[in-house]
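# Architecture and fold: a report
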Amino acid sequence: MGGQSRVELGNPSPSSYPSSARQSFLRIGAAFFAGFFVCLAVVAQYTSSNQSCLPFFFTALLPTHVGTPEWHQYPPAEPTNAFPSMFPSSVGYPGPTQAGAEPGVAATAPAYPLHSGSVHLVSPTRFYQDKSKTRTKDFDIFRSWGSLSPWYSIQRGKFGVDSGPEAPDTCNITGVHLLHRHGARYPADYSRGTGPGGFASKLNMNAENVTASGPLSFLDDWTYKLGNEGLTPFGRSQLYDLGVSMRMRYGFLLKNFSETNTLPVFRTESQTRMLNSAQNFALGFFGYPLEGQYQQQIMIEAKGFNNTLAPYRSCANNDIPHRGYRGQPYADAWKAVYLRDTVPHLQQYLDGFELDVEDVYAMQELCAFETVALGYSKFCELFTEKEWEGFDYSYDLNLWYGVAWGSPVGRGEGIGYVQELVSRLTQTPIETHNSSTNATLHNAVTFPFGHSLYVDATHEVVVLNVLTAMNLSSFAAMGPLPTDHIPQQRTFRTAELAPFATNVQFQLLSCSTEHDPQIRVIVNDGVAPLTNLKGCRDHPDGMCSIHAFVDAQKENIRSTDWDFVCNNDWTIPDGWETTTGYPPL
């Protein structure tokens, strides 16, 4: 057998050997290069189809650092070159300056500047294509993240009133009460084991057994770069820009303070992102330095302290899952529907790690959080437009049933702020503090009357609490939200009502065509109808007499029992639903 495998070369002549060797070399070389180019062609084919051919030839386990937190602490605690005395904030010699007239776009301009919401953010270059649905021209991923979306100007007429936020022709703006949310933030604590941080931790613990390919191959060097609940740089810019925008719109209202020799009082809470949001808003509105331009009240956000901008802290039933924040089961039911095919689709690119619905949902959340924190995220490319619509709707379900019209505590938690709004509008102190209002802070210094401008910073859940408590039921017209499909007509969308930096303007007006002073409610530049409030007629500009508006809100206050909502031991029957934000009686 061994002899048969030998090749007998014999004794070739000197002239024939080199020719034979050259021919063999050429054949081998040609075969090598042919195989090389075939491989390149296969690589190109799979790359163009958003896949990878590499797993067909070799696989590599994920590095052990994948999914670990990557956090950068700035500024340094003790910088070696910090010499504050050498860098004074002022050296004199300012040069001649004179302030000009205050701007008033909302009062004087024929049109209103619209806010796109997505400056500084980079959209995915492509989405995974759903063969059953053609791409929609007006699809905007930044408006498909529910309450994780950046705020943007709502299209005129979207809420049912064909009017813009600029003052109607026959009206002058006399005051504004602004309620706004904080800017874009980081997600919850990495160590909690859920959400984006939980997915990162789970991936890291299994990295030595996992291989990623195709569209998930970027996980090979992915680390968890998100912080914990504080404002992102983009979030800071949102509030700064909002402050600039409101100064451009309503700067003329500051004349009231110059004439009365007073300063505005703005309110926020003690949470870091809340305080930073308020400060960045003020920097945009007033400019640096802030000293001497306004007074910032910081209300403690913690259990044991009444606070209308964080009412859930003093509502005991809010901490019981089937009463407060009860939206999660509804959202979970919907996730199982719209992500049913997505899990196995992504699983084919990940070996050694079994994906479930929560993992895939966390990837969608990572897209949103990474984008508003880092400017761009590869996770965004993994999903179709239809899957992003599903993600958007999951936030609607969670907040509708958790804090808004579908929540048994929504109205009760928002009623304290409504009491304060009525108190300011009527310049009448609250007689009985029987909700989340804080009697200690209701005095002429920290809760002044007669100002033309009020600014309060809060959370998205509180904005929805307040809209619910005010009985702006046009947003609840579609009724309870289903968990098996997305309704075609949607009157409640958190991307429109409660995105990052959402803002509600209570605009006060004096009109030559109206006998009484008027009020409008403007949510993210969209005028909301007030016709469902008793005494408010159907007005083309969405206006209502302040007297009628106040009377309607007083009735809402009388019919809302904070103690019953937050402290009574009521039960929710099976199948019970509400569109009033109130528990079963």
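Before reading further, recall that the structure is shown in the block above.
All of the points below concern the structure found in this document.

Conventions used here
- Residues numbered from 1 in each chain as written.
- Predicted model: local features only at pLDDT ≥ 70, side-chain atom pairs only at ≥ 80, totals over all residues.
- Heavy atoms only, no water.
- Axes fitted to C-alpha atoms, helices over the stretch in contact; angles between N-to-C directions.
- Helix = DSSP H or I, 4+ residues; strand = E, 2+ residues; numbered from the N terminus.
- Parallel < 35°, antiparallel > 145°, perpendicular 65-115°, else oblique.
- Left-handed = near helix turned anticlockwise from the far one by under 90°.
- Contact = heavy atoms within 4.5 Å.
- Nonpolar A, V, L, I, M, F, W, Y, C, P; charged D, E, K, R; others polar.
- Core = buried A, V, L, I, M, F, W, Y, C linked by side-chain atoms within 4.5 Å.
- Buried < 20%, exposed > 50% of the residue type's maximum accessible area, 1.4 Å probe, protein only.
- Salt bridge = Lys/Arg side-chain N within 4 Å of Asp/Glu carboxyl O.
- Disulfide = S-S within 2.5 Å.
- Phe/Tyr/Trp six-rings, centres within 6.5 Å; stacked < 30°, edge-to-face > 60°.
- Pairing = 2+ DSSP bridges.

Running from amino to carboxyl end, helix H4 (residues 233–250) crosses helix H6 (residues 272–286) at an angle of 40°, the nearest separation of the two axes being 7 Å. Between H4 and H6, the angle is such that the two are oblique. When you trace H4 past H6, the crossing you get is right-handed. Here Arg236, Leu239, Tyr240, Leu242, Gly243, Val244, Met246 and Arg247 of H4 lie close against H6, whose contacting residues are Ser277, Asn280, Phe281, Leu283, Gly284, Phe285 and Phe286. Residue composition of the contact of H4 with H6, grouped by class: nine nonpolar, four polar and two charged.

Let us look at the nonpolar core. Within the largest apolar cluster, 105 residues are counted, with the highest numbers of intra-cluster contacts made by Trp145, Phe199, Phe379 and Phe549. Element by element, the count of residues in this core is highest for helix H9 (residues 357–374), at 10 residues.

On to the pattern of salt bridges. Scanning the model with the defined rule gives 27 salt bridges in all. Between Glu70 and Lys225 there is a salt bridge, with its nearest N and O atoms 3.8 Å apart. Taken as a pair, Glu70 in the loop between helix H1 (16–48) and helix H2 (105–108) and Lys225 in the loop between strand S2 (211–212) and H4 lie far apart in primary sequence, 155 residues in all. Look at Glu70 and you get partly exposed, because its relative accessible area is 31%. A relative accessible area of 31% means that Lys225 is categorised as partly exposed. Asp392 is paired through a salt bridge with Arg493; the nearest N and O atoms lie 2.7 Å apart. One end of the pair, Asp392, is in helix H10 (residues 385–403); the other, Arg493, is in the loop between helix H12 (460–469) and helix H13 (494–497), with 101 residues separating them in the sequence. Judged by relative accessible area, Arg493 falls into the buried class, the value being 14%.

Overall, the coordinates contain four disulfides when judged by the stated rule. At a sulfur-sulfur separation of 2.0 Å, the disulfide partner of Cys171 is Cys511. Since a negative S-S torsion denotes a left-handed disulfide, the Cys171-Cys511 link at about 105° is right-handed. Residue Cys171 is found in strand S1 (residues 171–181), and its partner Cys511 is found in strand S7 (residues 503–511); the two are separated by 340 residues along the sequence. A disulfide bridge connects Cys367 with Cys380, and the sulfur atoms are separated by 2.0 Å. Here the disulfide of Cys367 and Cys380 is right-handed, its torsion about the S-S bond being about 95°. Highlighted residues: Cys367 in helix H9 and Cys380 in the loop between H9 and H10, separated in sequence by 13 residues.

Right, let's get into the packing of aromatic side chains. With the rule as written, the count across this model stands at 28 aromatic pairs. On the numbers, 6.5 Å between centres and 80° between planes, the contact of Trp400 with Tyr401 is edge-to-face. Overall, Trp400 belongs to the buried group, its relative accessible area being 0%. Note on Phe564 and Tyr582: the rings are 6.3 Å apart at their centroids and 35° apart in plane angle, and the pair reads as tilted. Of this pair, Phe564 sits in helix H15 (residues 562–567) while Tyr582 sits in the segment after H15, placing them 18 residues apart in sequence. Note on Phe564: relative accessible area 17%, which makes it buried. Put simply, the rings of Phe159, Tyr330, Trp400, Tyr401, Trp405, Phe475 and Phe492 pair up and form one aromatic cluster.

This next bit is on unusual backbone geometry. Working note: non-glycine residues mostly have negative phi, and peptide bonds are mostly trans. Residues Tyr74 and Pro75 are joined by a peptide bond in cis, for which omega reads 5°. Tracing the backbone shows Pro75 in the loop between H1 and H2. Residue Pro289 follows Tyr288 across a cis peptide bond; omega there is 0°. Take Pro289: it is sitting in the loop between H6 and strand S4 (295–299). Its identity is not glycine, yet Asn261 carries a phi of approximately 55°, on the positive side. One can find Asn261 in the loop between helix H5 (255–260) and strand S3 (265–269).

Moving on: the environment of His515. Relative to the helices and strands, His515 resides in the loop between S7 and strand S8 (518–523). Looking at His515, the relative accessible area reads 79%, which means it is exposed. Placed 30 residues apart in sequence, His515 and Ser545 show a C-alpha to C-alpha distance of 8.7 Å.

Moving on to the pairing of S8. Most of S8 is tucked away, with six of its six residues classed as buried. On S8, burial covers both faces: Gln518, Arg520 and Ile522 on one face and Ile519, Val521 and Val523 on the other are all buried. Bridge count for S7 against S8 is six bridges, and the pairing is antiparallel. Bridge pairing in S8 links Leu509 to Gln518. The turn linking S7 back onto S8 is made up of six residues.

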